[in-house]
Amino acid sequence: MRIIIEEHPNVLDVSELLRPEPKFVDKEVSKFRDYTVDETDPLKERVRRTYKLMHTHQTVDFVKGRHADWLKFDHFKATVRQALERLNDLVDESDPDLDLPNIVHAFQTAERARAEFPELDWLHLTGLIHDLGKVMAFYGEPQWAVVGDTFPVGCEWGPSIVYREDSFVDNPDGANPKYNTKNGMYEPNCGLEQLTMSWGHDEYLYRVLKHNGSTLPEQALHMIRYHSFYPWHSGGDYHHLTNEKDEQTKQWVLMFNRYDLYTKSTTLPDIEALWPYYQSLIDKYCPGELEF
């Protein structure tokens, strides 16, 4: 079991910083911050450097190595509530306009989903737990392997990936003929489930839930696994590798991302009042201690 624990990891969720795509926005795009490249802006430069590290080091071999480490599920044990409260210790600078703890965003996401679909209790819980994979940051995982947009490794990088034009120049997979073609190591239209995704909190939480026998429905697991795969669900890339089932998954993911990215406000949920309801959902779909 790894023993490196960083008490207050400084996590910048670059995936959120580079939003929004117009399809998610329910207010004017001009109301959001502009995250174009600006070398004089420290925050924008930090985002760019994070993606440069991600796009340099997220290779087929790197992802295999993370699987070998994290998919032993021997780092710690915790209930979902304990993990959520632990995640609240993260110093998350992903939203420079609002200073909200992670748990507040989790409840805001869950409550917006609950308001729109009160009958889908599994969707409410998905909103609550979708970022739990970020607990990797407490065990020495660098932020470029925890947060940010995801993409398949082992094939040509999609043109809509952020900073695509120059951020992959030092990634060795780009010089490997097994991996640098359009299909790379995959068969055409093989489907999302056959792709090896870059390593991050989405894939990790999906694997944790599967390992621990969660009874959340397939739609929920796919929302968690692919909600940061923006080059596919919002950029229009990788359709040569997807299949008909994946189009249904995309609609669920796009719906979920409306709750995830655009629920942040200064209106704070009454978390203590909400816990009994959400604890009942945890007990229903992810009970007891989980192995992480």
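Bear in mind the structure is a predicted one, so any value in this text is a computation, not a measurement.

Packing of helix α8 (residues 218–226) against helix α10 (residues 244–261) leaves a shortest axis separation of 9 Å and a crossing angle of 70°. Relative to α10, the element α8 is oriented roughly perpendicular. Contacts between α8 and α10 pair E218, Q219, H222, M223 and Y226 from the former with K245, T249, W252, V253, M255 and F256 from the latter. In the contact of α8 with α10, the residues fall into 6 nonpolar, 3 polar and 2 charged.

A complete count under the given rule lists 14 salt bridges for this structure. The closest approach of N and O atoms between R258 and E116, which form a salt bridge, is 3.3 Å. Linking R258 in helix α10 with E116 in helix α5 (residues 102–116), this pair joins segments that are 142 residues apart in sequence. According to the relative accessible area criterion, E116 is partly exposed, its value standing at 37%. The closest approach of N and O atoms between E203 and R225, which form a salt bridge, is 2.9 Å. With E203 in helix α7 (residues 201–211) and R225 in helix α8, the pair connects residues that are 22 residues apart, well separated along the chain. Of the two residues, E203 and R225, both sit in the buried class. Here the residues in one salt-bridge network are R66, D69 and E141, joined through shared partners.

Moving on: the UniProt feature "binding site: Fe cation" (unreviewed entry) in the protein chain. Under the local residue numbering, the UniProt record ascribes the feature "binding site: Fe cation" (unreviewed entry) to H105, H130, D131, H201, H227 and D260. With respect to the helices and strands, the residue H227 is situated in the loop between α8 and α9 (230–233). Those residues in contact with H227 that lie beyond four places of it in its chain are H130, D131, H201, D202, H222, H233, V253, F256, N257 and D260. Position of D260 relative to the elements: it lies in helix α10. Those residues within four positions of D260 in sequence are excluded, and the remaining contacts are H105, T109, H130 and H227. At a separation of 3.0 Å, a polar atom in the side chain of D260 contacts the side chain of H105.

Definitions and cut-offs
Residues numbered from 1 in each chain as written. Predicted model: local features only at pLDDT ≥ 70, side-chain atom pairs only at ≥ 80, totals over all residues. Heavy atoms only, no water. Axes fitted to C-alpha atoms, helices over the stretch in contact; angles between N-to-C directions. Helix = DSSP H or I, 4+ residues; strand = E, 2+ residues; numbered from the N terminus. Parallel < 35°, antiparallel > 145°, perpendicular 65-115°, else oblique. Contact = heavy atoms within 4.5 Å. Nonpolar A, V, L, I, M, F, W, Y, C, P; charged D, E, K, R; others polar. Salt bridge = Lys/Arg side-chain N within 4 Å of Asp/Glu carboxyl O. Buried < 20%, exposed > 50% of the residue type's maximum accessible area, 1.4 Å probe, protein only. UniProt positions renumbered as here; feature names shortened; annotations may be inferred. Polar contact = N/O pair within 3.5 Å; in protein donor to acceptor, adjacent residues only side chain to side chain.

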